[in-house]
Amino acid sequence: MAGPGFRGHPAGPLLLLLLVLLPQALLEGPLVFVALVFRHGDRAPLASYPTDPHKEVVSTLWPRGLGQLTGEGVRQQLELGRFLRSRYEDFLSPKYRREEVYIRSTDFDRTLESAQANLAGLFPEAAPGGSEAHWRPIPVHTVPVTEDKLLRFPMRSCPRYHELLRETTEAAEYQEALEGWTDFLTRLENFTGLSLVGEPLRRAWKVLDTLICQQAHGLPLPSWASPDVLRTLAQISTLDIGAHVGPPRAAEKAQLTGGILLDAILSNFSRVQRLGLPLKMVMYSAHDSTLLALQGALGLYDGHAPPYAACLGFEFRRRLGDVDEDGGNVTISLFYRNDSARLPLSLSLPGCPEPCPLSRFHQLTTPVRPPAHGVPCHGSYETAAPRAPVVPLLAGAVAVLAALCLGLGLLAWRPSCLRAWGGPV
Ligand SMILES: *[C@@H]1O[C@H](CO)[C@@H](O)[C@H](O)[C@H]1NC(C)=O
Ligand SMILES: *[C@@H]1O[C@H](CO)[C@@H](O)[C@H](O)[C@H]1NC(C)=O
Ligand SMILES: *[C@@H]1O[C@H](CO)[C@@H](O)[C@H](O)[C@H]1NC(C)=O
Ligand SMILES: *[C@@H]1O[C@H](CO)[C@@H](O)[C@H](O)[C@H]1NC(C)=O
């Protein structure tokens, strides 16, 4: 009754494969905490322009109004929520528990609705089409827009940030790029009836936003809005985003924008550990400006604007193996889901291949997080702390953004509904 030997066993190759994969799985360790930051779903354009041929039909096209989430946007968030359920099936309780999951949104209709739609995908009891007796909505927290210091960037009331921005836009590289677009903007003024030359670039973005939203919803574009015009508008947007989250002084900009949220996420986790809280997940429903600021702080902005429902995740895991080596018993990995048809991208912080030990992550991000005594929104360069050394973290962003400022690296641009920095989208 000799049974088949190990080598002859049909499961043999599988076992070998398992042995190969095992160290990786062990290295990963179990999840202990997750923070998610996502952009709202598809929305109506934020504005129209004087010569907009579709101006008259705005109320029928976008019955909820400009800037509001569309049915498609609701569907995208539901899908994201379902994806999160499958990713965290073994981590979260099957049902919502208030001590386990905390959801915060900016105080905009589209982000609040997005959070709710997402939760309907994540928690069966909030799902559409379930039995009425078991249906339960899930709470979403917010603070008034003017008091939101966590998710809404840039803060209007941050003089230092505006000073940094002025320095960037007065620099020669920026001015040269801008001059190259003066003729274009003059022509666009005539096409749109807007005044654009010498105005903040966000006006040009709003035109792009309107065009792309209309196009995405099947409307014909005016004849002047050729693919070339859209491409140029996208390049102008890239320049402006780079100015907001990139060099010069990218680390200082981050301290006043994305670094605040990054710091909050790290503090959320420290607090959970220190107090032994049952909290497992925080979710932040926000804007592309929020994601761009966070990417800028992480040195991961690469010229791509986050599409609707894009989600950046921070996964904290218990570190298995030698805990003394790098110090600390937790690692952090990042993922970015910007395409629902693909697996999320694994990202690593420049200078720390994932899974990155949390202590190293803290260390590398220190220059981009606000100092312990608070967000340095007041005060000027003279009184400022000496400029942070260029850490490896920022090196990648510096290179990419320098290229962008020179007008290179723009070929891969894919337009999407862009935010205007004057207000989140
Ligand atoms: C654009 O220029 C043409 C010709 O110069 C002029 O007739 C038209 O009124 C202008 N349109 C706008 C919106 O300024
Ligand atoms: C997470 O951090 C934010 C910002 O500091 C704070 O408002 C929130 O209460 C924290 N949440 C938890 C559960 O620690
Ligand atoms: C890591 O170590 C700290 C203190 O040494 C402990 O409080 C915490 O629970 C540990 N975390 C994990 C995920 O094991
Ligand atoms: C997603 O992000 C990656 C990295 O930035 C980029 O290469 C890719 O084109 C993006 N995909 C979409 C659909 O935006």
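Residues numbered from 1 in each chain as written. Chains lettered and ligands numbered in written order. Predicted model: local features only at pLDDT ≥ 70, side-chain atom pairs only at ≥ 80, totals over all residues. Heavy atoms only, no water.

Peer 1: Lay out the state of the cysteines in plain terms, naming residues and giving numbers.
Peer 2: By definition, a disulfide links two cysteine residues through a covalent bond between their sulfur atoms. One pass over the structure, following the stated rule, counts 2 disulfides. Disulfide pairing places Cys-158 opposite Cys-377 at an S-S distance of 2.1 Å. Residues Cys-158 and Cys-377 share a disulfide whose torsion about the S-S bond is about -100°; that sign makes it left-handed. Taken as a pair, Cys-158 in the loop between helix H4 (109-122) and helix H5 (159-170) and Cys-377 in the loop between helix H13 (358-365) and helix H14 (392-405) lie far apart in primary sequence, 219 residues in all. Each member of the pair, Cys-158 together with Cys-377, is buried. Note on cysteine connectivity: Cys-352 is disulfide-linked to Cys-356, with sulfurs 2.1 Å apart. Taking the sign of the S-S torsion, about 105° here, the bridge from Cys-352 to Cys-356 comes out right-handed. Looking at Cys-352, the relative accessible area reads 4%, which means it is buried. Cys-356 sits in the buried class, given a relative accessible area of 2%. Across the protein, the disulfide pattern expressed with sequentially numbered bonded cysteines is 1-4, 2-3. (Disulfide = S-S within 2.5 Å. Helix = DSSP H or I, 4+ residues; strand = E, 2+ residues; numbered from the N terminus. Buried < 20%, exposed > 50% of the residue type's maximum accessible area, 1.4 Å probe, protein only.)

Peer 1: Please set out the site of ligand 2 residue by residue, giving values where relevant.
Peer 2: Around ligand 2, the surrounding shell consists of Arg-104, Leu-150, Ala-264, Asn-268, Arg-271, Leu-279 and Tyr-284. A distance of 2.4 Å is found between an oxygen atom of ligand 2 and a side-chain nitrogen or oxygen belonging to Asn-268. Here an oxygen atom of ligand 2 and a side-chain polar atom of Arg-271 are 2.6 Å apart. The protein chains hide 63% of the 360 Å² of surface that ligand 2 would expose on its own. Per element, the largest residue contribution to the shell around ligand 2 is 3 residues, and it comes from helix H11 (residues 258-275). A per-class count over the shell around ligand 2 returns 4 nonpolar, 1 polar and 2 charged. (Near = heavy atom within 4 Å. Polar contact = N/O pair within 3.5 Å; in protein donor to acceptor, adjacent residues only side chain to side chain. Areas by Shrake-Rupley, 256 points an atom, 1.4 Å probe, with all protein chains shown as cover. Nonpolar A, V, L, I, M, F, W, Y, C, P; charged D, E, K, R; others polar.)

Peer 1: So, the side chain of Ser-237: which residues are in play, and what are the values?
Peer 2: Along the chain, Ser-237 falls in helix H9 (residues 227-245). Looking at Ser-237, its side chain comes within polar contact range of the side chain of Trp-205, at 3.0 Å.

Peer 1: Just give me the short version of the pairing of strand E4 (residues 311-318), but keep the residues and values in it.
Peer 2: In terms of burial, E4 is a largely internal element, 7 of the 8 residues being buried. Sheet analysis places strand E1 (residues 31-39) next to E4, joined by 7 bridges and oriented antiparallel. Bridge pairing in E4 places Leu-31 opposite Arg-317. Bridge count between E4 and strand E5 (residues 330-337): 8 bridges; the pairing is antiparallel. Its bridge partner being in E5, Arg-318 is matched across the sheet by Val-330. (Pairing = 2+ DSSP bridges.)

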